[in-house]
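Report on the structure
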Amino acid sequence: MPNPHAVPDLSTTWLRVFLEVARHGSFTVAARALGWTQSAVSRQIASLESALGGAPLFDRLPRGVRLTEAGRFLVPHAEAVVERLHDANRELAALRRVAGGRLRFGAFATADAALVPRAIAAFRVRHPGVRLTREEGLTPVLLERLSAGGLDLAIVSTTGRAPLDPYTLHHLLDESLYVAVPADHPLAAEPSVHLPQLADADWISGSARPEGTLLDAALRHGFRPRVAHVVAEWTAKQGYVAAGLGVTLVPALAAESVRPDIALLAVRDEEAPARAVYAATVRGRSLGPAARAFLGALREAATHLSHPSPEPPRPLRLPVPHLMAYVPSVTRYCGRPAAPHGDGRHELP
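Here is a short report on the structure shown in this document. Chains are numbered independently. Their residues run from 1 in the order of the written sequence. With pLDDT at 70 or above as the cut-off, local features in this predicted model cover only qualifying residues; side-chain atom pairs require 80 or more to be listed or tallied, and sums for whole chains, interfaces and linings still use all residues. The basis for every side-chain value is the complete set of non-hydrogen atoms in the structure, without hydrogens or water.

**Description of the overall build of the chain**
For the record, the criterion: The way it works is that DSSP assigns letters per residue, a run of H or I at least four long becomes a helix, a run of E at least two long becomes a strand, and they are numbered from the N terminus. Only protein chains enter the accessibility calculation, which uses a 1.4 Å probe; a residue is then buried when its area is under 20% of its type maximum, exposed when over 50%, and partly exposed in between. Only the protein chains shown count as cover for residues, and all accessible areas are computed by the Shrake-Rupley method using a 1.4 Å probe.
Regarding its fold elements, the chain presents eleven helices and 17 strands. Evaluated residue by residue, the chain yields a buried proportion of 42% over its 349 residues. For the chain, the computed accessible surface area is about 18,700 Å², with 55% contributed by carbon and sulfur atoms.

Now the structure itself:
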């Protein structure tokens, strides 16, 4: 006895021919429309009828054919199947052209200061039909999301000691470090600094422990920095520095957005090796066209940022009422608000 729940083994060609015959009410006219012979059309219909249990789909009339009850029942289902296949073909073609689809990526906070916005802006111009979803987080968290399939690509750094072996790493840049000090700090006029010169300073960091953070550089030079204030967000750290509450390390990616009432001192390269920034993908997982295109935009942005001005930003003293004009907005993108999802993800307009 036939299983009513079994999926019939049908050819989409049979369905397409069936719809042509139903549309024209004639094997002959349908064959002409398809560019086939009438006998070829008849064979396709006979094969479809056999696959569906043998019930006739057309009554053969002296002039043409007419749908049977079974044929009339099949028409909307055949139309739905053919239409879905057309839709799939269009969407796959759009993916190949990077004209549609979705890209989910994540980035650590300082990459969001300059690298990621530049890449998004370039990508939007070239591929406006692709929907971007961005998450922000620490490198270990982003890598976990990448492994779990929640992200297609993650922009990560070597800070945090996360294991990188399971991933394919696309190198973007190596960034140096600066120390942010108050504008009236005794070292503010210096172009660079040895970290041990600040061994007795109060430090502002995203963690109370220096291990696995940028302050690992201090540990390598024999002193444990005194973390006086734990502050996670970069613009907030700058506010603490400007108020004279301590100093903080600033990666080069974030240096472009530093407020004008603090000074940046370059950390000597031999004392704080540059940290590497990568676009990470899961090893063995194929990279889609949109991800490949976004990776290209990231590399272009990284090339631009890898050639900074020779002098780090110097303190610019402005009347206090004017300082707020320089605080960057973190809630808007391209003049429109990003749509939060409540779990850290943002749908970019």
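From this point, things continue past the structure.
**Topic: the packing of aromatic side chains**
The following threshold applies: Between rings of Phe, Tyr and Trp, where Trp is taken as its six-membered ring, a pair exists when centres lie within 6.5 Å; planes separated by under 30 degrees are stacked, by over 60 edge-to-face, and by other angles tilted. By definition here, charges over rings are those cases where NZ of Lys or CZ of Arg is within 6 Å of the ring centre and within 35 degrees of the ring normal.
Applying the stated criterion to the full structure yields four aromatic pairs. Ring centres 4.7 Å apart and planes at 40° place the aromatic pair Phe-105 and Phe-294 in the tilted group. Taken together, the residues Phe-105 in strand 3 (residues 102-107) and Phe-294 in helix 10 (residues 289-305) connect sequence positions 189 residues apart. Pair check on accessibility: Phe-105 and Phe-294 agree, each one buried. For the ring pair Phe-123 and Phe-294, a centre distance of 5.5 Å and an interplane angle of 85° mean the geometry is edge-to-face. Separated by 171 residues along the polypeptide, Phe-123 in helix 5 (residues 115-126) and Phe-294 in helix 10 bring together distant segments of the chain. Relative accessible area serves as the criterion here: at 0%, Phe-294 is assigned to the buried category. Against the face of Trp-234 rests Lys-237, its NZ or CZ located 4.0 Å from the ring centre.

**What to know about the pattern of salt bridges**
To keep it simple, the criterion reads: By salt bridge we mean one thing: a side-chain nitrogen of Lys or Arg within 4 Å of a carboxyl oxygen of Asp or Glu.
Within the structure shown, the criterion is met by 14 salt bridges. Glu-136 is paired through a salt bridge with Arg-134; the nearest N and O atoms lie 3.8 Å apart. Judged by relative accessible area, which is 45%, Glu-136 ranks as partly exposed. What you see here is one network of salt bridges that share partners, running through Glu-83, Asp-87 and Arg-90.

**Re the sheet that holds strand 12 (residues 262-267)**
As a general point, the strands of a sheet are linked pairwise by backbone hydrogen bonds and lie either parallel or antiparallel. The condition is simple: Here, any two strands with at least 2 DSSP bridges between them count as paired. Two residues qualify as a contact provided that any one of their heavy atoms is within 4.5 Å of a heavy atom in the partner residue. For helices, the fitted line uses only the C-alpha atoms of the stretch in contact; every axis is such a line through C-alpha atoms, and the angle between N-to-C directions lies from 0 to 180 degrees.
Reading across from one edge, 8-12-7-11 is the order of the four strands in this open sheet, with mixed pairing throughout. Of all the strands in the sheet, just strand 8 (192-193) and strand 11 (248-251) have a single pairing partner and so form its edges. Pairing geometry for strand 7 (residues 177-182) and strand 12, over five bridges, is antiparallel. What sits directly across from Val-179, in strand 12, is Leu-265. Against the sheet, helix 8 (residues 234-242) makes contact with strand 7, strand 11 and strand 12, and its axis sits at roughly 135° relative to strand 11, the strand it touches most.

**A look at the nonpolar core**
For the record, the criterion: Take the buried Ala, Val, Leu, Ile, Met, Phe, Trp, Tyr and Cys residues and link them wherever side-chain atoms come within 4.5 Å; each set so joined is a nonpolar core.
Ranked by internal contacts, the top residues of the largest apolar core, which has 32 residues, are Val-179, Leu-195, Trp-203, Leu-249 and Val-250. Only strand 7, strand 9 (202-205), helix 7 (216-220), helix 8, strand 11, helix 9 (252-255) and strand 12 provide two or more residues apiece to this core. One finds Ile-120, Ala-297, Leu-298 and Leu-305 within the second-largest nonpolar core, a separate group that totals 30 residues.

**Quick look at the packing of helix 1 (residues 12-24) against helix 2 (residues 27-34)**
As a reminder of what qualifies: Note on terminology: angles under 35 degrees are roughly parallel, angles over 145 are roughly antiparallel, angles of 65 to 115 are roughly perpendicular, and the others are oblique. Here a crossing is called left-handed whenever its near helix is offset anticlockwise from the far helix by less than a right angle, and right-handed whenever the offset is clockwise. Asp, Glu, Lys and Arg are counted as charged, while Ala, Val, Leu, Ile, Met, Phe, Trp, Tyr, Cys and Pro are counted as nonpolar; the rest, among them Gly, fall into the polar class.
Running from N to C, helix 1 and helix 2 point in directions that differ by 125°, and their axes come no closer than 8 Å. Relative to helix 2, helix 1 is oriented oblique. Here helix 1 runs over helix 2; the crossing is right-handed. Facing Arg-16, Val-17, Glu-20, Val-21 and His-24 of helix 1, the residues of helix 2 in contact are Phe-27, Val-29, Ala-30, Ala-33 and Leu-34. Grouping the constituent residues of the contact of helix 1 with helix 2 by class yields seven nonpolar, one polar and two charged.

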